[in-house]
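Results of the structural survey
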Amino acid sequence: MTIYFLGTGTSQGIPVIGSSHSVCKSSNKKDKRLRVSVWITWDDNSVVIDCGPDFRQQMLISECSKIDAILFTHEHSDHTAGLDDIRPFFFKQKKDIPIYAHERVLENLYKRFDYIFETENKYPGAPSVQTFEVINNQFFKIYQSIIIPIEVKHGSLQVFGYRIQDFAYLTDVKTIELTEIEKLKGLKVLVVNALREEPHHSHFSLQDALDFITLVQPEKAYLTHISHLMGFHDEVQSKLPKNVFLAYDDLQITI
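Residues numbered from 1 in each chain as written. Predicted model: local features only at pLDDT ≥ 70, side-chain atom pairs only at ≥ 80, totals over all residues. Heavy atoms only, no water.

On to the overall build of the protein. The helix and strand tally for the protein stands at 8 helices and 14 strands. In terms of overall size, the protein behaves like a compact globule, its C-alpha atoms giving a radius of gyration of 18 Å where 255 residues would be expected to give roughly 18 Å. Its C-alpha atoms give the protein principal-axis dimensions of about 55 × 40 × 35 Å. Going through the 255 residues of the protein one by one, you find that 56% of them count as buried. Of the contacts formed within the protein by residues at least 6 apart in sequence, a portion of 63% connects residues at least 24 apart. When the accessible area of the protein is evaluated, it comes to approximately 11800 Å², of which 49% is carbon and sulfur surface. (Helix = DSSP H or I, 4+ residues; strand = E, 2+ residues; numbered from the N terminus. Rg over C-alpha atoms; globule rule 2.2 N^0.38 Å. Buried < 20%, exposed > 50% of the residue type's maximum accessible area, 1.4 Å probe, protein only. Contact = heavy atoms within 4.5 Å. Areas by Shrake-Rupley, 256 points an atom, 1.4 Å probe, with all protein chains shown as cover.)

Let us now look at the layout of surface pockets. Taken as a whole, the largest pocket holds about 190 Å³ of empty space. Contributing to the lining of the largest pocket are Arg56, Met59, Leu60, Cys64, Ser65, Asp85, Pro88, Phe89 and Lys92. Those elements that provide at least two residues to the lining of the largest pocket are α1 (55-62) and α3 (87-93). Considered class by class, the residues forming the lining of the largest pocket number 5 nonpolar, 1 polar and 3 charged. (1 Å grid on protein atoms, 1.4 Å probe; cavity = no way out; pocket = protein on both sides within 12 Å on 5 of 7 lines; lining within 4 Å. Points joined across faces, edges and corners; volume = space filled by probe spheres on them. Nonpolar A, V, L, I, M, F, W, Y, C, P; charged D, E, K, R; others polar.)

Moving on, we get to the environment of Ser65. You can see Ser65 is positioned in the loop between α1 and β4 (69-71). What Ser65 contacts, discounting residues up to four positions off in sequence, is Phe89, Lys92 and Gln93.

This part takes up unusual backbone geometry. The residue after Ile14, namely Pro15, is reached through a cis peptide bond having omega 5°. Within the secondary structure, Pro15 sits in the loop between β1 (2-7) and β2 (37-42). With a phi close to 50°, Asp43 is a non-glycine residue in the positive phi region. Even without glycine at this site, Gln144 takes up a positive phi of about 75°. Along the chain, the position of Gln144 falls in the loop between β7 (140-142) and β8 (145-154).

So, on to the nonpolar core. Judged by nonpolar contacts, the single largest core of 28 residues is most densely connected at Leu170, Leu184, Leu190, Val192, Phe212, Ile213 and Leu223. Mapped onto this core, the elements with two or more residues apiece are β8, β11 (189-193), α7 (206-216), β12 (220-224) and β13 (244-246). In terms of residue count, the dominant contributor to this core is α7 (6 residues). Setting aside residues up to four positions removed in sequence, Leu190 forms contacts with Ala168, Leu170, Phe212, Ile213, Val216, Pro218, Lys220, Ala221 and Tyr222. Formed by 27 residues, the second largest nonpolar core is a distinct cluster that contains Val47, Ile142, Phe167 and Tyr169. (Core = buried A, V, L, I, M, F, W, Y, C linked by side-chain atoms within 4.5 Å.)

Spatial strand order, β7-β8-β9-β10-β11-β12-β13: 7 strands in an open sheet with mixed pairing. Edge positions in the sheet fall to β7 and β13, since each of these pairs with one other strand and no more. On average, each strand axis in the sheet is inclined to that of its neighbour by 25°, with strand direction left out of account. Where strand β9 (residues 157-164) and strand β10 (residues 167-169) come together, 3 bridges link them in antiparallel fashion. By the bridge assignment for β10, Arg163 is matched with Ala168. Packing against the sheet, α7 makes contact with β11, β12 and β13, and its axis sits at approximately 155° to β11. (Pairing = 2+ DSSP bridges. Axes fitted to C-alpha atoms, helices over the stretch in contact; angles between N-to-C directions.)

Since the α-helix advances by 3.6 residues per turn, residues separated by three or four positions end up pointing in the same direction. The set of residues buried in helix α4 (residues 103-112) consists of Val105, Leu106 and Leu109. Relative to the axis of α4, the buried residues are bounded by an arc of 100° and lie together on one face. Lining the buried residues of α4 we find α2 (77-80), β5 (97-101), α5 (114-117) and β6 (129-133). (Arc of directions from axis to C-beta.)

Reading across the sheet, the 7 strands line up as β6-β5-β4-β3-β2-β1-β14 and stay open at both edges, with mixed pairing between neighbours. Only two strands of the sheet have a single partner each, and these edge strands are β6 and β14 (252-254). Within the sheet, the average angular offset between the axes of one strand and its neighbour, ignoring direction, is 20°. Looking at chain direction, β1 and β14 are connected through 3 bridges and run antiparallel. Bridge pairing in β14 places Ile3 opposite Ile253. Packing against the sheet, α1 makes contact with β1, β2 and β3 (45-49), and its axis sits at approximately 135° to β1.

Nothing here speaks to function; it is all geometry.
What follows is the structure in structure tokens.
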């Protein structure tokens, strides 16, 4: 299995528009972050988790040529705004693109991208999708591979993370129940959000994430959904435990 970090930034990305913050002005490529998303490949499967407003750019940079499914964590725009840019995959693959999400998220997408879901008098230039509702405590399969949803809270908002084999991806986490943590035991790689060092009302801080990693005990952990307020990549990385890494855009890891 290969995990490609398409984007590792928070909702505004880094640099933030109009910001004079030193991290936003950094010349280090690792300090420049598109909106958060990952591309996962295993066997002949090619799956993306979330497609935000930078999706087109991410697909071009990564040279992704096939999407078998998109898994959505939740409906916020930094995770969903790029849905229209699945068009080239739809035209090339000549079949509906499967998307998986909570019922609430699907309803949100129906409203925002109604022309994609239209069945009568559909505009011929629009892509088409096949929708699948994700329900907690019910695994599903993508081409015989089991996907386990992990329910977390982003403030008061329900969000899904996903476990695929020995890999799990969680973003926009602030709290998680012990029953969900049990689903994360025995991981080789855990990806989890860490917004900044200071506490935040709806995201893990750096210390929150480190405490969570200690609880789950994966072999390795990667931090994502990172704000410019976290600080410079290299400085933060130098302070982290030996099995914890600050993810960055275009990082590729293999399990």
